[in-house]
Amino acid sequence: MVSEYLKQNTAEFHDAAEKLFSSDKIFSKTFTLEDYKKIINTNYLMLLHSENKIFNSLSDKFSEKLQLDQRVKLPLIEKDLASLALENQTASHDFELENDYEALGAMYVIEGSTLGGNVIAKQLSKTEGFDNVTFNFFGCYQENTGPMWKNFKEVLDTEVTEENYNEVLSGAKKLYTFLLNVN
C-alpha cells in the first residue's frame, strides 16, 4: 500500500517538520502565539506555492475521486493570516510537479497536515492565549477529518500501483523539502 510506503519513507521529513514547528511545545502548553504565527505562515507559503499546482496536475479521474473542491485550503489559511495580522504574499519560489503521481505525493503532505492540524487545533484551543484564535486551516474538515483522510488514503492505495510508488514519494519529498526550507 502506497500510504504505508509514504509514511515509512517520509518519517524523517515529518519529524523534521515537527521539530521546525516546536510541536512538542503544543502538548506541554508552552506553545506561544508567535510559534503559531510561524506554523501558519509556513503552511501558508507551502499552500500558496503548491495547492493550485497540485490540483492542476491531477487528472479528472483523481479530481473527482478525491473531491478536490472540498479540499481547497488556501482561502482558509488566508483567513487565519488575516486574523493574526500576517500579510498575504505572492508566490516567489518555483515548485514543479511532473505528473499525477508526484501531485498525489505532495497532496499526501498537505492532507497529513490537516490530520495533525485537527489535533493541534483541539490542543491549542485549550491553551492560554489562544482564546480568540480561529483555526480555519487546522480545523478545515471539522468532524469530517477522519473520513476525508480515509478517502484520500483509499484513493491512493487503490489507484497507485507499486511501479509508481517512487514517483508519489518524489512528490511528497519535494513538498516536505519546500516546507522545511521556505522561510
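If you look the protein up in an unreviewed UniProt entry, it shows as Biliverdin-producing heme oxygenase from Chryseobacterium muglaense.

Asks: Explain the packing of aromatic side chains residue by residue, including any values.
Replies: Inspection of every chain in the model, using the stated rule, returns ten aromatic pairs. The interplanar angle of 65 degrees and the centroid separation of 5.8 Å between the aromatic rings of F95 and F178 together place this pair among those described as edge-to-face. Linking F95 in the loop between α6 (74–83) and α7 (100–124) with F178 in helix α9 (residues 165–181), this pair joins segments that are 83 residues apart in sequence. On the accessibility criterion, F178 (12% relative accessible area) is buried. Measuring from centroid to centroid gives 5.0 Å for F137 and F138, while their planes differ by 40 degrees, and the two rings are tilted. This pair shows no difference in class: F137 is buried, exactly as F138 is. Chaining the aromatic ring pairs together yields one cluster made of F31, Y36, F130, F135, F137 and F138. Residue placement shows K61 over the ring face of F62; its charged tip is 4.8 Å from the ring centre.

Asks: A description of the nonpolar core should follow, citing residues and the corresponding values.
Replies: A general tendency of soluble globular proteins is for nonpolar side chains to be buried together. Ranked by internal contacts, the top residues of the largest apolar core, which has 56 residues, are Y36, I40, I54, L58, L66 and L175. Of all the elements in the fold, those that place two or more residues in this core are α1 (2–9), α2 (11–20), α4 (33–57), α6, α7, α8 (145–159) and α9. Filtering out sequence-adjacent residues up to four positions away, I40 remains in contact with I77, D80, L81, L84, F137 and F138.

Asks: Quick rundown of a negative patch on the surface? Include the residues and the values.
Replies: A cluster of like negative charges, contributed by E12, D15, E18 and D24, occupies part of the molecular surface. Sort the elements by how many residues they give to the negative patch and α2 lands first, with three residues. For D15, the position within the fold is in helix α2.

Asks: Go over the packing of α7 against α8 with me, naming the residues and quoting the values.
Replies: Remark: α7 packs on α8, axes separated minimally by 10 Å, with the N-to-C direction vectors making an angle of 160 degrees. Judged on the interaxial angle alone, α8 and α7 are roughly antiparallel. Judged by the sense of rotation from one axis to the other, the crossing of α7 with α8 is left-handed. Side by side, α7 and α8 meet where L104, M107, Y108, E111, G112, T114, L115 and N118 of the first sit next to T145, W149, F152 and L156 of the second. For the contact of α7 with α8, the class distribution of residues is seven nonpolar, four polar and one charged.

Parameters at a glance
- Residues numbered from 1 in each chain as written.
- Predicted model: local features only at pLDDT ≥ 70, side-chain atom pairs only at ≥ 80, totals over all residues.
- Heavy atoms only, no water.
- Phe/Tyr/Trp six-rings, centres within 6.5 Å; stacked < 30°, edge-to-face > 60°.
- Helix = DSSP H or I, 4+ residues; strand = E, 2+ residues; numbered from the N terminus.
- Buried < 20%, exposed > 50% of the residue type's maximum accessible area, 1.4 Å probe, protein only.
- Lys NZ or Arg CZ within 6 Å of the ring centre and 35° of its normal.
- Core = buried A, V, L, I, M, F, W, Y, C linked by side-chain atoms within 4.5 Å.
- Contact = heavy atoms within 4.5 Å.
- Patch = residues over 30% accessible without salt bridge, like charges linked within 9 Å, V, L, I, M, F, W, Y side chains within 5 Å.
- Areas by Shrake-Rupley, 256 points an atom, 1.4 Å probe, with all protein chains shown as cover.
- Salt bridge = Lys/Arg side-chain N within 4 Å of Asp/Glu carboxyl O.
- Lys, Arg positive; Asp, Glu negative; His and termini not counted.
- Charge placed at Lys NZ, Arg CZ, Asp CG, Glu CD.
- Axes fitted to C-alpha atoms, helices over the stretch in contact; angles between N-to-C directions.
- Parallel < 35°, antiparallel > 145°, perpendicular 65-115°, else oblique.
- Left-handed = near helix turned anticlockwise from the far one by under 90°.
- Nonpolar A, V, L, I, M, F, W, Y, C, P; charged D, E, K, R; others polar.

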